[in-house]
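Secondary and tertiary structure notes
Here are the chains, one letter per residue:
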Amino acid sequence: MKATSTQFSGVQKLLHWLMAVLILAMLFVGVGMVFTVSRAHDTLVALHRPLGIALLLLVIVRLAVRLRRGVPPLPAHMPAAQRFVAKASHAVLYALMLAMPLVGWAMLSAGGYPVTMAGSFHLPPLLPANVTAFALLRTLHTWLGLTLFAVVLLHLAAALMHALVIRDGVFEAMAGRR
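Predicted, not measured: the structure shown is a model, and the values here were computed from it.

Let's shift gears to the UniProt feature "domain: Cytochrome b561 bacterial/Ni-hydrogenase" (unreviewed entry) in the chain. Mapped onto the present numbering, the UniProt feature "domain: Cytochrome b561 bacterial/Ni-hydrogenase" (unreviewed entry) falls at residues 8-175. Annotated as 77% helix and 4% strand, the span residues 8-175 places its first and last C-alpha atoms 9 Å apart.

Here is the structure:
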């Protein structure tokens, strides 16, 4: 469905900003989790797993809302190459937002670790225990995380460019400052 409004819906804005905060938190929790040997490690792991699954559920909802509601059109004056990059970067963001938690869940499954959501509630394993698969998925999860961090930084830079330099309404469509 094509959006006819110049603004994203309230639900789209809420999902965007909620996920932005959670993804940034998740990236920093993940880095802290990997690089700490303190007692905070267990707390970070306990936070990382359910937060990853929450983000997976949120991105599925967000995709459904996006497909149903559409998105505001890009400015008519935007060059074709820039339109392509904008659309491609959003596709990459969505792909990474889906892949990160799924690869993390598969990695833990391959490592024989439970994905604990709360108390004794565990998600079912996606894969059987396999040390080789665990090692490959752990490397993939790391590289996807680094890629997500880079793409988020590029997304933020583009948003700031639209807000502060070009001032073409693209930022305002999500920020709601019109």
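The subject of this paragraph is helix H1 (residues 10-35). Here H1 spans 38 Å end to end across 26 residues, near enough to the 38 Å set by a 1.5 Å rise per residue. The secondary structure elements touched by the buried residues of H1 are helix H2 (40-69), helix H3 (80-111), helix H4 (131-166) and helix H5 (170-175).

Evaluation of the coordinates by the stated rule reveals 2 aromatic pairs. With a centroid separation of 6.2 Å and an interplanar angle of 85°, the aromatic rings of Phe-28 and Phe-149 are classed as edge-to-face. Taken together, the positions of Phe-28 in helix H1 and Phe-149 in helix H4 put the pair 121 residues apart, joining distant regions of the chain. Take Phe-28: its relative accessible area is 55%, and that puts it in the exposed class.

Buried together is how nonpolar side chains tend to be arranged in soluble globular proteins. Formed by 32 residues in total, the largest nonpolar core has its most connected members in Met-19, Ile-23 and Leu-148. Broken down by element, this core gets its largest block of residues, 11 residues, from H3. Among residues more than four places away in sequence, those in contact with Leu-148 are Ile-23, Leu-27, Leu-93, Leu-96 and Met-100.

Glancing now at the environment of Ala-118. When you line up the elements, Ala-118 lands in strand E1 (residues 115-118). Taking relative accessible area as the criterion, Ala-118 reaches 52% and is therefore assigned exposed.

Turning our attention to the UniProt feature "transmembrane region" (unreviewed entry) in the chain. The positions that UniProt labels "transmembrane region" (unreviewed entry) are, in the present scheme, residues 14-35, 47-65, 91-113 and 143-165. As a span, residues 47-65 carries 100% helix and 0% strand, and end to end its C-alpha atoms are 27 Å apart. The span residues 91-113 is 91% helix and 0% strand, and its two end C-alpha atoms sit 31 Å from each other.

Between H2 and H3, whose axes approach to 10 Å, the crossing angle comes to 145°. The element H2 and its partner H3 pack so that their crossing is left-handed. Contact with H2, carried on its side by Arg-49, Gly-52, Ile-53, Leu-56, Val-59, Ile-60, Arg-62, Leu-63 and Arg-66, involves His-90, Tyr-94, Met-97, Leu-98, Pro-101, Leu-102, Trp-105 and Leu-108 of H3 and no other residues of that element.

Direction of pairing for E1 relative to strand E2 (residues 121-123): antiparallel, over a ladder of 3 bridges. Note that in E2 the partner of Thr-116 across the bridge is His-122. The turn joining E1 and E2, which pair antiparallel and follow one another in sequence, is formed by 2 residues; a positive phi near 55° is taken by Gly-119.

Moving on, we get to unusual backbone geometry. At Arg-167, a position not held by glycine, the phi torsion is positive, near 55°. Mapped onto the fold, Arg-167 is located in the loop between H4 and H5. Take Arg-167: its relative accessible area is 63%, and that puts it in the exposed class.

About the criteria used
Residues numbered from 1 in each chain as written. Predicted model: local features only at pLDDT ≥ 70, side-chain atom pairs only at ≥ 80, totals over all residues. Heavy atoms only, no water. UniProt positions renumbered as here; feature names shortened; annotations may be inferred. Helix = DSSP H or I, 4+ residues; strand = E, 2+ residues; numbered from the N terminus. Expected span 1.5 Å × (residues − 1). Contact = heavy atoms within 4.5 Å. Phe/Tyr/Trp six-rings, centres within 6.5 Å; stacked < 30°, edge-to-face > 60°. Buried < 20%, exposed > 50% of the residue type's maximum accessible area, 1.4 Å probe, protein only. Core = buried A, V, L, I, M, F, W, Y, C linked by side-chain atoms within 4.5 Å. Axes fitted to C-alpha atoms, helices over the stretch in contact; angles between N-to-C directions. Left-handed = near helix turned anticlockwise from the far one by under 90°. Pairing = 2+ DSSP bridges.

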